[in-house]
Amino acid sequence: MGRAFRAARRDGRLSVGRVVPLVLLLAILGGVLVSRGRGQRVVQPIQFNHAKHTALELECSLCHEHVAEQAFAGLPQATVCMLCHSAPMSESLEEEKVRQFAARGEAIPWRRVYRLPAHVFFSHRRHVTLGKIECSTCHGSIAEATVPPSRPAVKLAMEWCLECHGQRGALVDCNACHR
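Bear in mind that the values here come from a model prediction, so they are computed numbers and not experimental data. Chains are numbered independently. Their residues run from 1 in the order of the written sequence. Whole-chain, interface and lining totals are the exception, using all residues; otherwise, since this is a predicted model, local features are given only for residues with pLDDT of at least 70 and side-chain atom pairs are given and counted only at 80 or more. Here the side-chain values reflect all heavy atoms present in the structure, with hydrogen atoms and water set aside.

Draft legend 1. Structural view of the packing of helix 5 (residues 78–85) against helix 6 (residues 93–104). Helix axes are fitted to C-alpha atoms over the stretch in contact, other axes to C-alpha atoms as well, and angles between N-to-C directions run from 0 to 180 degrees. Only DSSP runs of H or I covering at least 4 residues are called helices, and only runs of E covering at least 2 are called strands; the numbering of each starts at the N terminus. At a closest axis distance of 9 Å, the pairing of helix 5 and helix 6 adopts a crossing angle of 120°. Here helix 5 is positioned oblique relative to helix 6, judged by the angle of their axes. Read as a crossing pair, helix 5 and helix 6 show a hand that is left-handed. Contacts from A78, C81, M82 and H85 in helix 5 reach E95, V98, R99, F101 and A102 in helix 6. Under the convention adopted here, Pro, Cys and the residues Ala, Val, Leu, Ile, Met, Phe, Trp and Tyr are nonpolar, Asp, Glu, Lys and Arg are charged, and Gly plus all remaining residues are polar. The class makeup of the residues in the contact of helix 5 with helix 6 is six nonpolar, one polar and two charged. An angle counts as roughly parallel when it lies under 35 degrees, as roughly antiparallel when it exceeds 145, as roughly perpendicular when it falls between 65 and 115, and as oblique in every other case. We call a crossing left-handed when the near helix sits turned anticlockwise from the far one by less than a right angle, and right-handed when that turn is clockwise. Here a residue-residue contact requires only that any non-hydrogen atoms of the pair lie within 4.5 Å.

What follows is the structure, given as structure tokens:
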């Protein structure tokens, strides 16, 4: 590698005029990837329309049934969907998919959008029930969304968490969130 590098430098293939634009291009691409920093795009098995459901004044906890009591909020199960959708309410193909999952006795294979590093502990109960934090704080305008989010609404970074904790006078002790 060293020999090839020196040879490329000697014969002009590795000149400042060629390296600087390449470094700038890599820096820009890296910056774009870092700024997105909200994980890979997630496609859900059903194009769930939150707006239609919140317009009916259904609470988030109807589908995310553990949000007030556990760390993980939970994802909607077909059995919960069947409480209203056992018979078609529309001609939506997405609604039909729910019935098909239920008929096969399969769980809807929702994909997680929000992921934290393994050394970070987050509790919905602690934030929603004890901290009285609105879902929109972390999930943005999800109540008005007509399609499932493909990425987190916020960049889950320690600075963002600490800023929120600071604004609310919450603990900033390392052991509160890190294992």
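Having seen the model, we can carry on.
Draft legend 2. Representation of the layout of surface pockets. Here the second largest pocket is characterised by a volume of approximately 520 Å³. A cavity here means a set of points on a 1 Å grid, drawn over the protein atoms and nothing else, where a 1.4 Å probe fits but cannot get out; a pocket is an open set with protein on both sides within 12 Å along at least five of seven lines, and a residue lines either one if it has an atom within 4 Å of a point. As for the second largest pocket, its lining consists of 23 residues, of which F48, K52, H53, H85 and E95 are closest to the centre. For the lining of the second largest pocket, the elements supplying multiple residues, two or more each, are helix 3 (50–55), helix 4 (60–63), helix 5 and helix 6. For the lining of the second largest pocket, the element with the highest residue contribution is helix 5, accounting for five residues. Taken together, the residues of the lining of the second largest pocket break down into 14 nonpolar, six polar and three charged. Grid points are joined across faces, edges and corners, and a volume is the space filled by probe spheres set on the points.

Draft legend 3. Layout of helix 5. For helix 5, the full list of buried residues reads A78, V80, C81, M82 and H85. Elements that come into contact with the buried residues of helix 5 comprise helix 3, helix 4 and helix 6. The buried label applies to any residue whose accessible area, calculated with a 1.4 Å probe on protein chains only, is under 20% of its type's maximum; exposed applies above 50%, and partly exposed to all values in between.

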